[in-house]
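Each chain, written out:
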Amino acid sequence: MNNYILEMKGIYKTFGGIVALNHVDFFLRRGEIHALVGENGAGKSTLMKVLSGAYKQDSGEIIFEGEKLSIRNPSDSLKKGISVIYQEFMLAPDLSVAENIFIDKLAEKRSIINWKKVNTSAKELLSSLGFSDINPEEKVANLSVAYQQVVEICKCLSRNSKILVFDEPTAVLTVAESEKLFSIIDQLKNNNVSIIYISHRLEEIFRLADRISVFKDGVNISTTEKNNISIDELVLLMVGREISQMFPEHNHQIGEEVLKVNNFSISKNQKPINFSVKRGEILGFSGLVGSGRTEIMRAIFGADSFNDGEVYINGKKHKYISPRESIKQGIGMLPEDRKQQGLLLEQSIQINTSLPVIDKFTKFFVIDKKLEKKEVVSTLAKFNTKYRDTDNNVSTLSGGNQQKVSLSKWILSDCECLILDEPTRGVDVGAKTEIYKIIEDLAQSGLAIILISSEMAEIIGMCDRVLVMREGQIAGELTSEISEEKIIKLAMGV
Ligand SMILES: Nc1ncnc2c1ncn2[C@@H]1O[C@H](COP(=O)(O)OP(=O)(O)OP(=O)(O)O)[C@@H](O)[C@H]1O
Ligand SMILES: [Mg+2]
């Protein structure tokens with residue numbers, strides 16, 4: 001029998017003038033964990049969408065279990081046992097958690113549905129991943145991004161898949177939660193499921209993969225056994241240069257207080273939160289998924305309502321807390337969920353980047369289009385953003401490149417305090433170092449920065465001070481010798 005469960009040969013795919021996949025060859029062994037890595041826009045997700053039938057290739061063939069596979073749409077590939085967890089989730093927001101997890105089965109069934117059983121099965125699956133706190137009857141729209149991701153993962157685990165594709169499953173998970181997912185993936189592998197795993201977190205790749213393929217500009221440039229390659233060699237292949245230093249040197253001067261949050265709570269039964277951040281300071285917020293970091297920041301920024309408390313900016317009470325007022329007062333916020341809160345997907349890259357700072361380019365009510373374009377192009381270039389034209393829709397960009405657009409607009413704006421919620425989510429290693437450099441530069445120029453991150457290395461490498469949250473409260477503060485162990489202890493309450 002053929003050693004390969006899947007052979008993708010000479011896959012070619014273009015979008016308008018862009019060649020996304022340039023005759024890609026990709027072979028998947030039975031029961032292996034095969035990692036796909038590569039810079040943002042290299043073509044990883046596109047190849048998986050061709051596999052699932054979401055896109056049709058221009059040319060090239062797919063052989064599945066020794067036979068030529070013709071997939072016309074995603075349900076064809078599902079029937080064959082090919083399941084993809086997409087980078088940008090595909091959940092039905094108005095349905096419950098359980099309904100989403102078992103959506104294919106529910107759609108097939110004509111007879112009466114035993115809801116109790118459906119909910120119990122969903123609960124069991126969620127618990128096996130360590131998320132017994134997610135209520136199967138809750139509407140998916142009410143869940144945080146991370147929890148939505150967990151539902152998406154459970155949905156795929158509930159199917160009997162022969163090939164399971166994970167497109168950046170851990171981008172929103174923290175170390176502790178990712179570990180649970182890894183043991184499930186190991187288990188699947190033991191049951192002879194073949195796994196394709198896409199991630200920008202290279203430690204994970206080395207933890208999980210049997211083999212690694214590197215994509216660059218729509219080409220699979222190398223497939224190797226994991227044991228035959230080092231992290232440094234992998235980065236060199238991906239980015240084309242060595243990265244000696246991930247994090248910039250700290251040279252920022254900490255000045256007076258910019259933002260002060262006093263006795264702040266989002267619900268009646270929550271213990272109020274107090275903290276402040278100074279000019280030139282990078283303050284980290286760590287904690288497990290669901291510990292309340294995003295919720296608190298969204299409320300402080302005015303994107304969600306709060307229960308009680310005050311926010312001061314430069315010693316002055318911030319009276320009308322709303323995103324509009326916050327921006328006026330000099331607070332900016334990069335949201336965690338770029339798809340729902342961060343970007344206008346059907347608008348151009350240009351509009352998305354310059355929207356909050358349009359005043360900067362406006363003189364006597366007329367927008368200086370040339371200046372606007374120049375600034376947008378140069379900011380996007382700082383992160384090596386891949387796009388064809390700033391007039392294209394932002395939805396045509398790869399996941400990581402959308403994130404770069406999301407971040408660029410705040411870099412362009414003149415705020416005094418910038419709240420960054422998972423700024424490097426889905427961003428490749430090369431661009432990550434650029435983002436870190438820019439954050440450091442912003443701090444050096446006197447901005448107060450709040451950095452929410454699930455990546456431990458990022459918190460430790462960037463922050464002057466870290467607040468660790470647990471169950472909606474600040475569990476502790478770390479000011480010196482910040483370590484992974486100390487953070488985890490506080491986050492888990494041990
Ligand atoms: N629907 C689309 N319309 C136009 N261009 C697209 C579309 N989908 C993808 N592309 C382009 O194809 C190229 C490959 O994108 P893809 O999403 O596969 O990258 P990726 O390797 O998954 O990147 P990332 O790590 O950022 O997720 C990019 O240049 C992207 O802009
Ligand atoms: Mg992708």
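What counts and what doesn't
Residues numbered from 1 in each chain as written. Chains lettered and ligands numbered in written order. Predicted model: local features only at pLDDT ≥ 70, side-chain atom pairs only at ≥ 80, totals over all residues. Domains from an automatic or database assignment. Contact = placed C-beta atoms within 7 Å. Helix = DSSP H or I, 4+ residues; strand = E, 2+ residues; numbered from the N terminus. Buried ≥ 20, exposed ≤ 12 C-beta atoms within 10 Å, placed from the backbone. Pairing = 2+ DSSP bridges. Near = placed C-beta within 6 Å. Nonpolar A, V, L, I, M, F, W, Y, C, P; charged D, E, K, R; others polar. Axes fitted to C-alpha atoms, helices over the stretch in contact; angles between N-to-C directions. Parallel < 35°, antiparallel > 145°, perpendicular 65-115°, else oblique. Left-handed = near helix turned anticlockwise from the far one by under 90°. Core = buried A, V, L, I, M, F, W, Y, C linked by C-beta atoms within 7 Å.

## Brief notes about the domain arrangement of the chain
Looking at the chain, the domain boundaries give domain 1 (4-239) and domain 2 (257-492). Using C-alpha coordinates to define each centre, domain 1 is positioned 28 Å away from domain 2. Across the boundary between the two partners, domain 1 contributes 26 residues, which contact 26 residues of domain 2. Elements with a minimum of two residues in the side of domain 1 that touches domain 2: α6 (145-157), α7 (175-190) and α9 (231-239).

## Some thoughts on unusual backbone geometry
Look at Glu168: it is not a glycine, yet its phi comes out positive at around 50°. Inspection of the secondary structure assignment puts Glu168 in the loop between β7 (163-167) and α7. By C-beta crowding, Glu168 is classed as buried, having 22 other C-beta atoms within 10 Å. A positive phi is found at Glu471, a non-glycine position, where the angle reads about 45°. Inspection of the secondary structure puts Glu471 in the loop between β21 (465-470) and β22 (473-478). A count of 13 C-beta atoms within 10 Å places Glu471 in the partly exposed class.

## Considering the sheet that holds strand β14 (residues 308-313)
Reading across from one edge, β12-β11-β14-β15 is the order of the four strands in this open sheet, with antiparallel pairing throughout. Each end of this open sheet is capped by a strand with a single partner; those strands are β12 (273-278) and β15 (316-317).

## A few points about the site of ligand 1
Of all residues adjacent to ligand 1, which total 21 residues, the nearest are Asn40, Ser45, Thr46, Ser398 and Gly400. Looking at the shell around ligand 1, the elements that each hand over two or more residues are β2 (18-29), α1 (44-52) and α15 (399-412). Grouping the constituent residues of the shell around ligand 1 by class yields five nonpolar, 13 polar and three charged. The two domains that each donate at least three residues to the shell around ligand 1 are domain 1 (4-239) and domain 2 (257-492).

## Looking at the pairing of strand β6 (residues 82-85)
By the alternation rule, side chains of β6 split into Ile82 and Val84 and Ser83 and Ile85, which are all buried. In this sheet, β7 lies alongside β6 in parallel orientation, the contact comprising four bridges. Each bridged residue has a counterpart across the sheet, and for Ile85 the counterpart in β7 is Phe166.

## What about the sheet that holds β6?
Across a sheet, strands are paired by hydrogen bonds formed along the backbone, either parallel or antiparallel in direction. Ordered by their spatial adjacency, six strands build an open sheet running β6-β7-β8-β3-β9-β10, and the pairing between neighbours is mixed. Both edges of this open sheet fall to β6 and β10 (219-225), since each of them pairs with a single strand only. For this sheet, the mean angle separating the axes of adjacent strands, direction not counted, is 15°.

## Focus on the packing of helix α14 (residues 369-382) against α15
Remark: α14 packs on α15, axes separated minimally by 9 Å, with the N-to-C direction vectors making an angle of 120°. Relative to α15, α14 is oriented oblique. For α14 against α15, the interelement crossing comes out right-handed. Listed contacts from α15 to Glu375, Thr379 and Leu380 of α14 are Lys404, Val405, Ser408, Ile411 and Leu412. Residues of the contact of α14 with α15, tallied by class, amount to four nonpolar, two polar and two charged.

## Section: the environment of Cys154
Structurally, Cys154 can be placed in helix α6. Setting aside anything within four residues of it in sequence, one finds Cys154 in contact with Ile101, Leu125, Leu126 and Leu129.

## Description of the environment of Ala457
Mapped onto the elements, Ala457 comes out in helix α17 (residues 456-462). The exposure class assigned to Ala457 is partly exposed, which follows from the 15 C-beta atoms found within 10 Å. Separated by 211 residues in the primary sequence, Ala457 and Met246 have C-alpha atoms spaced 9.6 Å apart.

## Concerning the nonpolar core
With 131 residues, the main nonpolar core has Ile449, Ile450 and Leu451 as its most contacted residues. Element by element, the count of residues in this core is highest for α6, at eight residues. A domain split of this core shows at least three residues from each of domain 1 (4-239) and domain 2 (257-492). Those residues in contact with Ile449 that lie beyond four places of it in its chain are Glu281, Ile282, Leu283, Leu418, Leu420, Ile439, Leu442 and Ala443.

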